[in-house]
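Structural features, examined
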Amino acid sequence: MEHLIFWILGFGTLWAGLNLFNDEAVLIVSAIIGSILVLIGLISAPLQLQIGIEVGLILALFNICMQCIKRGDRS
């Protein structure tokens, strides 16, 4: 259950960095800290949830890649 706390803190930090601060240094630091907290949340999540998230991310990335190939942009 602690993974939810890390995800809330991580996504909250990312949101705050993107929406509340104008300074680039604070934005970069908040993005790094938020990403680390989200990653810690993913690591501490149960295995079934980790696999589900990983499969969802792979399917989303595959869909994006297929759209690029259909448009002819292979970069």
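Model, not experiment: these values are computed from the prediction.

The secondary structure content of the chain amounts to three helices and zero strands. Since a compact globule built from 75 residues should have a radius of gyration of about 11 Å, the 16 Å found for the chain marks it as more spread out than a globular shape. Projected onto its principal axes, the C-alpha positions of the chain cover 40 × 35 × 15 Å. Relative to its full complement of 75 residues, the chain shows a buried share of 15%. As displayed, the chain offers around 5,900 Å² of accessible surface, 74% of which is attributable to carbon and sulfur atoms.

Before going further, it helps to examine the packing of helix α1 (residues 2-19) against helix α2 (residues 24-44). Contact geometry for α1 and α2: axes closest at 7 Å, N-to-C directions at 160°. Judged on the interaxial angle alone, α2 and α1 are roughly antiparallel. Here α1 and α2 pass one another in a crossing that is left-handed. Between α1 and α2, the residues in contact are E2, H3, F6, W7, L9, G10, F11, T13, L14, G17 and L18 and L27, S30, A31, I33, G34, S35, L37, V38, I40, G41, L42 and S44, respectively.

So, on to the environment of H3. Relative to the helices and strands, H3 resides in helix α1. Owing to a relative accessible area of 8%, H3 belongs among the buried residues under this scheme. Between the C-alpha atoms of H3 and L39, which are 36 residues apart in sequence, the distance is 9.4 Å. Excluding residues that lie within four positions of it along the chain, H3 makes contacts with G41, S44, A45, P46 and L49.

Mapped onto the elements, G41 comes out in helix α2. Residues G41 and I5 lie 36 residues apart in sequence; the distance between their C-alpha atoms is 7.5 Å.

Counted at 1.5 Å a residue, the expected span for α1 with its 18 residues is 26 Å, and the 26 Å between its end C-alpha atoms agrees. When we look at burial in α1, the residues that qualify are H3, W7, G10, A16 and G17.

Next up on the list: the confidence of the model for the chain. When pLDDT is averaged along the chain, the result is 82; 91% of the residues meet or exceed 70. Ranking the elements of the chain by mean pLDDT puts helix α3 (residues 47-71) last, at 79, and α2 first, at 86.

What counts, and where the lines are drawn
Residues numbered from 1 in each chain as written. Predicted model: local features only at pLDDT ≥ 70, side-chain atom pairs only at ≥ 80, totals over all residues. Heavy atoms only, no water. Helix = DSSP H or I, 4+ residues; strand = E, 2+ residues; numbered from the N terminus. Rg over C-alpha atoms; globule rule 2.2 N^0.38 Å. Buried < 20%, exposed > 50% of the residue type's maximum accessible area, 1.4 Å probe, protein only. Areas by Shrake-Rupley, 256 points an atom, 1.4 Å probe, with all protein chains shown as cover. Axes fitted to C-alpha atoms, helices over the stretch in contact; angles between N-to-C directions. Parallel < 35°, antiparallel > 145°, perpendicular 65-115°, else oblique. Left-handed = near helix turned anticlockwise from the far one by under 90°. Contact = heavy atoms within 4.5 Å. Expected span 1.5 Å × (residues − 1). pLDDT = per-residue confidence, 0-100.

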